[in-house]
Amino acid sequence: MLLVIDVGNTQTVFGVYDARELKHHFRLATDRKRTHDEYGVLFREVLHDMGLEPSNISGVCLASVVPPLTQIFSTMCETRLGVRPLIVGPGCKTGMPILYDNPREVGADRVVNGVAGFERFKKGDVGSGVIIVDFGTATTFDVVSPKGEYLGGAIAPGVGIATEALFVNASKLPRVDLVMPKTAIGKNTVASMQGGILFGYVGLVDGMVERMTKELGFEQRVIATGGIAPLISGESKTIEEYDNFLTLEGLRIIYERNL
């Protein structure tokens, strides 16, 4: 079985594949203070609950946007699983040319999403342009050409960051649950904040996608991923599909390209 690990700023997502089928997935809070032994204990407990043993894992593919944790998770895999992970980064075969001023600046998660998004809409040898919107700690927009080239994108503050900033910096505003309100015109403080945040991000997404579309010389598909994506995609007029496991699928694809 293949273990894929997506180390994000807020959460770390794990997926276990049997061939090309995602059999299990789980999340752990990303904590820079944890050691590889602490992560190893948590990981083994979750595997045990799923009826799996470390010996079931024969390969690992890792993408991390938290540099201090890259080595920690790599060490965890080597000591707990006896497997040296494939780390997405320089020297890793992604099959996707990075047309960025400095390709090393592109986060591993964005490259992985680009690979998965392009493959999702590819029909035989014919590709489609793709815009991937990832609602994570940051909200990222990544653009892939019909030739499978990573062209670039945009980065905006994530919904969680914006919501917390509103609570922290405005004395009278409370923390609110991210629930889509019925109307944009709120009749109380909570509904007003929910509308401003969520409908505001719908406008952000649609505005960015429409602006990008005008700059591109080709048609493209738009797919969203990330925790808050279902809420936003339900109201967006530009997002066509939602896939919560897009990044995990990209890691699987890249692992197979490096066999």
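None of the values given here were measured: they were computed from a predicted structure.

Trainee: Help me understand the overall build of the protein in this model?
Mentor: Regarding its fold elements, the protein presents 7 helices and 10 strands. Taken against the 2.2 N^0.38 rule, which gives 18 Å for 259 residues, the C-alpha radius of gyration of the protein at 19 Å falls within 12% of a compact globule. Viewed in the frame of its principal axes, the protein has a C-alpha envelope of about 55 × 45 × 35 Å. When burial is assessed residue by residue, the protein has 47% of its 259 residues classed as buried. Taking contacts inside the protein between residues at least 6 apart in sequence as the whole, the part at least 24 apart equals 57%.

Trainee: I would appreciate a short explanation of the pattern of salt bridges in the present structure.
Mentor: This structure, assessed with the given rule, holds 13 salt bridges. The partner of glutamate 119 in a salt bridge is arginine 257, and the shortest N-O contact between them spans 2.8 Å. A residue pair is termed long-range when its members are at least 10 positions apart, and glutamate 119 in helix H3 (residues 108-121) and arginine 257 in helix H7 (residues 246-257) qualify at 138 residues. Among the residues examined, glutamate 119 registers a relative accessible area of 27% and is labelled partly exposed. Via salt bridges that share partners, Arg120, Arg221, Glu240, Glu241 and Asp243 belong to a single interconnected network.

Trainee: Can you help me understand the sheet that holds strand S10 (residues 241-242) in this one?
Mentor: One key point about sheets: their strands pair by backbone hydrogen bonds, in either a parallel or an antiparallel sense. Pairing is mixed in the open sheet, where 5 strands are placed in the order S8-S7-S6-S9-S10. Each edge of the open sheet carries a strand with a single partner, namely strand S8 (150-157) and S10. By the bridge criterion, 7 bridges tie strand S6 (residues 129-135) to strand S9 (residues 220-226) in an arrangement that is parallel. Residue pairing in the sheet places isoleucine 131 in a bridge with valine 222 of S9.

Trainee: Hey, could you run me through the packing of aromatic side chains in this one?
Mentor: Between two aromatic rings, the relevant description is the distance of the centres plus the angle of the planes. Tallied over the entire structure, the rule returns 6 aromatic pairs. Considering the side-chain rings of phenylalanine 14 and phenylalanine 43, the 5.7 Å spacing of their centres and the 35° angle between planes classify their relative orientation as tilted. A residue pair is termed long-range when its members are at least 10 positions apart, and phenylalanine 14 in strand S2 (residues 11-18) and phenylalanine 43 in helix H1 (residues 36-49) qualify at 29 residues. Accessibility classification places phenylalanine 14 together with phenylalanine 43 in one group, the buried group. Here arginine 34 stacks its cationic end above the ring of tyrosine 39, 5.4 Å away from the centre of that ring. Directly above the ring of tyrosine 17 sits arginine 252, whose terminal nitrogen or CZ lies 6.0 Å from the centroid.

Trainee: Teacher, can you tell me more about the pairing of strand S1 (residues 2-7) here?
Mentor: Residues in a regular strand project their side chains so that they alternate between the two faces of the sheet. Where burial is concerned, most of S1 is hidden: 6 out of the 6 residues are buried. Residues of S1 alternate between two faces, with Leu2, Val4 and Asp6 on one and Leu3, Ile5 and Val7 on the opposite face, all of them buried. Across 6 bridges, the pairing between S1 and S2 is antiparallel. Directly across from leucine 3, in S2, lies its bridge partner valine 16. Here S1 folds back onto S2, and the loop between the two strands holds 3 residues. By the bridge criterion, 6 bridges tie S1 to strand S4 (residues 59-64) in an arrangement that is parallel. Among the inter-strand pairings, leucine 2 is bridged to a residue of S4, identified as glycine 59.

Trainee: I'm lost on the pairing of S8 in this one. Help?
Mentor: Two strands pair when backbone bridges link them, and strand S7 (residues 138-144) and S8 are joined in this way by 7 bridges, in the antiparallel orientation. Residue pairing in the sheet places phenylalanine 141 in a bridge with alanine 154 of S8. Hairpin remark: S7 followed by S8, antiparallel, with 5 residues in the connecting loop; positive phi at glycine 148, about 85°.

Trainee: Any chance you could explain the nonpolar core here in plain terms?
Mentor: Val4, Cys61, Val88, Leu251 and Ile254 are the most contacted members of the largest nonpolar core, which has 29 residues in total. Of all the secondary-structure elements, those providing two or more residues to this core are S1, S2, S4, H3, S6 and H7. Counting residues per element, this core draws most heavily on H3, at 7 residues. Setting aside chain neighbours within four positions, we find cysteine 61 in contact with Leu2, Leu3, Val4, Ile5, Leu86, Val88, Leu251 and Tyr255.

Trainee: Looking at this structure, how should I read the side chain of glutamine 220?
Mentor: Here glutamine 220 is to be found in strand S9. At a separation of 3.0 Å, a polar atom in the side chain of glutamine 220 contacts the side chain of threonine 213.

About the thresholds
- Residues numbered from 1 in each chain as written.
- Predicted model: local features only at pLDDT ≥ 70, side-chain atom pairs only at ≥ 80, totals over all residues.
- Heavy atoms only, no water.
- Helix = DSSP H or I, 4+ residues; strand = E, 2+ residues; numbered from the N terminus.
- Rg over C-alpha atoms; globule rule 2.2 N^0.38 Å.
- Buried < 20%, exposed > 50% of the residue type's maximum accessible area, 1.4 Å probe, protein only.
- Contact = heavy atoms within 4.5 Å.
- Salt bridge = Lys/Arg side-chain N within 4 Å of Asp/Glu carboxyl O.
- Pairing = 2+ DSSP bridges.
- Phe/Tyr/Trp six-rings, centres within 6.5 Å; stacked < 30°, edge-to-face > 60°.
- Lys NZ or Arg CZ within 6 Å of the ring centre and 35° of its normal.
- Core = buried A, V, L, I, M, F, W, Y, C linked by side-chain atoms within 4.5 Å.
- Polar contact = N/O pair within 3.5 Å; in protein donor to acceptor, adjacent residues only side chain to side chain.

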